[in-house]
Amino acid sequence: MFRAVTTVDAALRALDELGPGAQVIAGGTDVMIQRMTGSLSKSEPLVHIGRISEMRGVSLGSESITIGALSTHRDIRTDPILAAHLPSFVQASSTVGGWQTQEVGTIGGNVCNASPAADLGAPLLMAQATLVLVSSGGERRLQAADFFLGRRQTALEFGELLTAIEVPIPAPGSWETYIKIGRRSAMEVAIVGLAARFVVDGAVSAARLAFCSVAPRPMRVPDAEVSLVGTMLEDEAIAAAGRLCASAVSPIDDQRATASYRTSVVPRLVRQAAEACRSELV
Ligand SMILES: Cc1cc2nc3c(=O)[nH]c(=O)nc-3n(C[C@H](O)[C@H](O)[C@H](O)COP(=O)(O)OP(=O)(O)OC[C@H]3O[C@@H](n4cnc5c(N)ncnc54)[C@H](O)[C@@H]3O)c2cc1C
């Protein structure tokens, strides 16, 4: 059974009516593959939310930017508000698969699927985003850090939809990036990804480093972040932060890379991000 809905209310009614087996489908780029390969049952009903226009688009508020959960990677890649304020989101969505996947795949699907390699998980965590979850019982808001619970596990409860993601506007002097290591530049999920932000006011006054594909869920490395505060991103400070990151991650071997390769890449990504920031801001 396939039920297409065009409003949030209709989606919530459908989920309540169809019961716990019902599967939400947005762009379908994860769900359809999971149904084809057997990791999701093919017989369960689908609730197609892809045409709910109130859940799509980017808007700028006085303190935060709201990204509708149904915004596609193409929407994010081409959005001028995100380009001006949150370039790491633009960079992350630009690396998701090829253009066909970016055309239909959504930020909400990327986040709710909760693959350890999902490209948007790291920017969300780095930017301290809030996820807006709505059910027929009302609305709740969760920090990204509390949403991702493990590999393919989130705090989303049955009958809930992620409707939007709210991201605080970065402080003046912020510089950020998303860097992804993959075997190819397109159609490849991350071997390691890093979303980094440095706030520079003479020296670094704040740093945030969030990785994907090095643990069951996206992770920050607070010790490394703190170690960069007060520095001018000198080579030794960058190297020390890279070492702290490498010792904090817990990657696995899989068909794309070994754990030891992933660990060795981590300090290189920290250096690449910090050097790029230093050349522009410090
Ligand atoms: C060829 C190919 C290449 C890919 N490359 C990458 C890559 O490089 N990087 C990467 O990160 N991913 C990649 N992916 C995975 C996928 O495209 C992305 O994760 C995409 O963003 C998923 O979005 P979707 O709308 O298609 O999700 P769907 O498949 O529709 O849904 C995914 C999951 O999220 C749930 N869901 C979706 N939206 C909501 C919502 N609003 N509220 C509650 N639950 C929801 C669904 O129930 C399902 O469990 C690739 C996929 C393909 C097929």
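Here the structure is a predicted model, which is why all the values come from computation and not from measurement.

A closer look at the domain arrangement of the protein chain
Considered domain by domain, the protein chain is made up of domain 1 (2-168) and domain 2 (174-281). Domain 1 and domain 2 are separated by 25 Å when their C-alpha centres are compared. Listed by partner, the interface residues are 20 residues for domain 1 and 23 residues for domain 2. Contributions of two or more residues to the side of domain 1 that touches domain 2 are made by helix H5 (87-94), helix H8 (121-126) and strand S8 (148-150). Considering each element in turn, the side of domain 1 that touches domain 2 owes the most residues, 5 residues, to H8. When its residues are assigned to classes, the side of domain 1 that touches domain 2 shows 11 nonpolar, 7 polar and 2 charged.

Quick notes on the site of the ligand
The environment of the ligand is formed by 30 residues, the closest being Gly 27, Gly 97, Gly 105, Gly 109 and Asn 110. Among the secondary structure elements, those contributing two or more residues to the shell around the ligand are strand S2 (23-25), helix H2 (31-37), helix H7 (107-113) and strand S10 (161-168). No other element matches H7, which puts 5 residues into the shell around the ligand. Its residues placed into classes, the shell around the ligand shows 14 nonpolar, 13 polar and 3 charged. Mapping the shell around the ligand onto the domain boundaries places at least three of its residues in each of domain 1 (2-168) and domain 2 (174-281).

Digging into the sheet that holds strand S3 (residues 46-48)
Strand order in the open sheet formed by 3 strands is S1-S3-S2, and the pairing between neighbours is parallel. Of all the strands in the sheet, the pair left with one neighbour each is strand S1 (2-4) and S2. For this sheet the average axis-to-axis angle between neighbouring strands, irrespective of direction, equals 25 degrees. Here S2 runs beside S3; their pairing, made up of 3 bridges, is parallel. Paired with Gln 23 across the bridge in S3 is Leu 46.

Digging into the nonpolar core
Note on soluble globular proteins: their nonpolar side chains tend to be buried together. Val 192, Leu 194 and Val 270 are the most contacted members of the largest nonpolar core, which has 82 residues in total. Here this core spans two domains, since at least three of its residues come from each of domain 1 (2-168) and domain 2 (174-281). The contact partners of Val 192, leaving out residues within four places of it in the chain, are Ile 181, Phe 211, Ser 213, Val 214, Arg 262, Val 265, Val 266 and Leu 269.

Focus on helix H11 (residues 235-248)
In this model H11 runs 20 Å from its N-terminal to its C-terminal C-alpha over 14 residues, within 8% of the 20 Å that 1.5 Å per residue would give. Against strand S13 (203-212), helix H10 (222-228) and helix H12 (259-281) lie the buried residues of H11.

Some details on the environment of Cys 245
Take Cys 245: it is sitting in helix H11. Sequence-distant contacts of Cys 245, that is, excluding residues within four places in its chain, are made with Leu 209, Val 221, Ala 224, Val 266, Pro 267 and Val 270.

Describing the sheet that holds S13
In a beta sheet, neighbouring strands are held together by backbone hydrogen bonds and run either parallel or antiparallel to one another. If you trace the 4 strands from one edge of the open sheet to the other, you get S11-S12-S13-S14, paired in antiparallel fashion. Strand pairing shows two members of the sheet lacking a second neighbour, strand S11 (174-181) and strand S14 (219-220), which therefore form its edges. Where S13 lies against S14, 2 bridges are found, and the strand directions are antiparallel. Residue pairing in the sheet places Phe 211 in a bridge with Met 219 of S14.

The rules behind the values
Residues numbered from 1 in each chain as written. Predicted model: local features only at pLDDT ≥ 70, side-chain atom pairs only at ≥ 80, totals over all residues. Domains from an automatic or database assignment. Contact = placed C-beta atoms within 7 Å. Helix = DSSP H or I, 4+ residues; strand = E, 2+ residues; numbered from the N terminus. Nonpolar A, V, L, I, M, F, W, Y, C, P; charged D, E, K, R; others polar. Near = placed C-beta within 6 Å. Pairing = 2+ DSSP bridges. Axes fitted to C-alpha atoms, helices over the stretch in contact; angles between N-to-C directions. Core = buried A, V, L, I, M, F, W, Y, C linked by C-beta atoms within 7 Å. Buried ≥ 20, exposed ≤ 12 C-beta atoms within 10 Å, placed from the backbone. Expected span 1.5 Å × (residues − 1).

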